[in-house]
Amino acid sequence: VARLKLRRSSEKNVPDICGGIHLSLYKDIKKHPFTSILIGEGEDVWHIMLDDCKKSVLKLLYMNNKHSTLVEINSEKLAGISIIKKFFLFHTGNKGLPSNCNFSSVREFNGRDTRHREIESIVNEIQYIQKTKIEIFFTNDNIIGKKQYTEELFSALAQQDIYWRSQSSINISFEKALLELAARSGCEYLSLGFESTQEESLKLFNKQLNLSRKDQYKGIFSNIRSYGIGIMGSFILCNDSDTKDSF
């Protein structure tokens, strides 16, 4: 399907640009079917690529070997970008994953150190996005990673009359004040990485937080849902330690 779309784009003289975690972690890039690719985080390079695209001078490869501070991201940079009308993956808040789980490509790509955007910048961007009436998904890998920042963010979102979704650790189930703030700020659902119900699998993943809470999964679901927040549970299946009984 991807190759078919690439061929159709090529026939229409539409450039295809690819980037992201999977491409960036693939080390041996000698040939690719795209007009251009970006290796590394895109925040500090994307505006350069767009400018080159407008001038019809796109390079085959753009490299970014550093992590963005996220400080310079603002609503003005979105002004010339056509946003997908139905759904918009809106990265905001933070990047970086300090957890020690051993299966995460996010940590390899974004690093362990957590970087945060200024909340004022996030609010300005939301106000710009709301003009298009599209849905908001915060792509923070753990939106409650830093409690004080999260409280300030949720309080600011509560003033925007929006509905949003994001990703979180299961810890939010035990943070009553944060759950109340999340619900009040318009949180519709959260994606939670349960990973497995099997102790051996969680040990294999080095998912220590879940290992200590695995017997409380049912309560975690109930706690979060009691605030009117839905849950999308993420699980990893067919692990080395799984048996038929695991399913």
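Reading the values: rules and limits
Residues numbered from 1 in each chain as written. Predicted model: local features only at pLDDT ≥ 70, side-chain atom pairs only at ≥ 80, totals over all residues. Heavy atoms only, no water. Helix = DSSP H or I, 4+ residues; strand = E, 2+ residues; numbered from the N terminus. Buried < 20%, exposed > 50% of the residue type's maximum accessible area, 1.4 Å probe, protein only. Contact = heavy atoms within 4.5 Å. Areas by Shrake-Rupley, 256 points an atom, 1.4 Å probe, with all protein chains shown as cover. Core = buried A, V, L, I, M, F, W, Y, C linked by side-chain atoms within 4.5 Å. Arc of directions from axis to C-beta. Pairing = 2+ DSSP bridges. Right-handed = clockwise from strand over helix to strand, strands pointing away.

Novice: Just to check I follow, could you spell out the overall build of the protein chain for this structure?
Specialist: Broken down by element type, the protein chain carries 10 helices and 10 strands. The buried share of the protein chain, reckoned over its 247 residues, is 40%. Long-range pairs, those at least 24 residues apart, make up 66% of the contacts in the protein chain between residues at least 6 apart in sequence. For the protein chain, the accessible surface area stands at approximately 14,800 Å², while carbon and sulfur atoms represent 51% of it.

Novice: Hey, could you run me through the nonpolar core in this one?
Specialist: What tends to happen in soluble globular proteins is that the nonpolar side chains get buried as a cluster. Membership of the largest hydrophobic core comes to 34 residues, with the highest contact counts inside it found for F138, L153, F154, L157, W164, L192 and I224. Those elements that place two or more of their residues in this core are α5 (119-129), β7 (135-138), α6 (147-157), α7 (176-184), β9 (187-195), α8 (199-205) and α10 (217-225). L192 has contacts with S168, S169, I170, I220, I224, I231, M232, G233 and S234, leaving out every residue within four places of it along the chain.

Novice: Would you explain α6 in this entry?
Specialist: In an α-helix, one turn spans 3.6 residues, which is why side chains three or four residues apart end up on the same side. Along α6, the positions that sit buried rather than exposed are Y149, T150, L153, F154, A156 and L157. Around the axis of α6, the buried residues are gathered within 160° of arc, so they sit on the same side. Tucked inside the fold, the buried residues of α6 contact β6 (115-116), α5, β7, β8 (164-168) and α7.

Novice: I'm lost on the pairing of β9 in this one. Help?
Specialist: The pairing of β8 with β9 spans five bridges and is classified as parallel. Pairing of Q167 across the sheet is with S191, part of β9. Crossover β8 to β9 through α7 is right-handed. Relative to strand β10 (residues 230-235), β9 is paired through six bridges, and the arrangement is parallel. Note that in β10 the partner of L192 across the bridge is G233.

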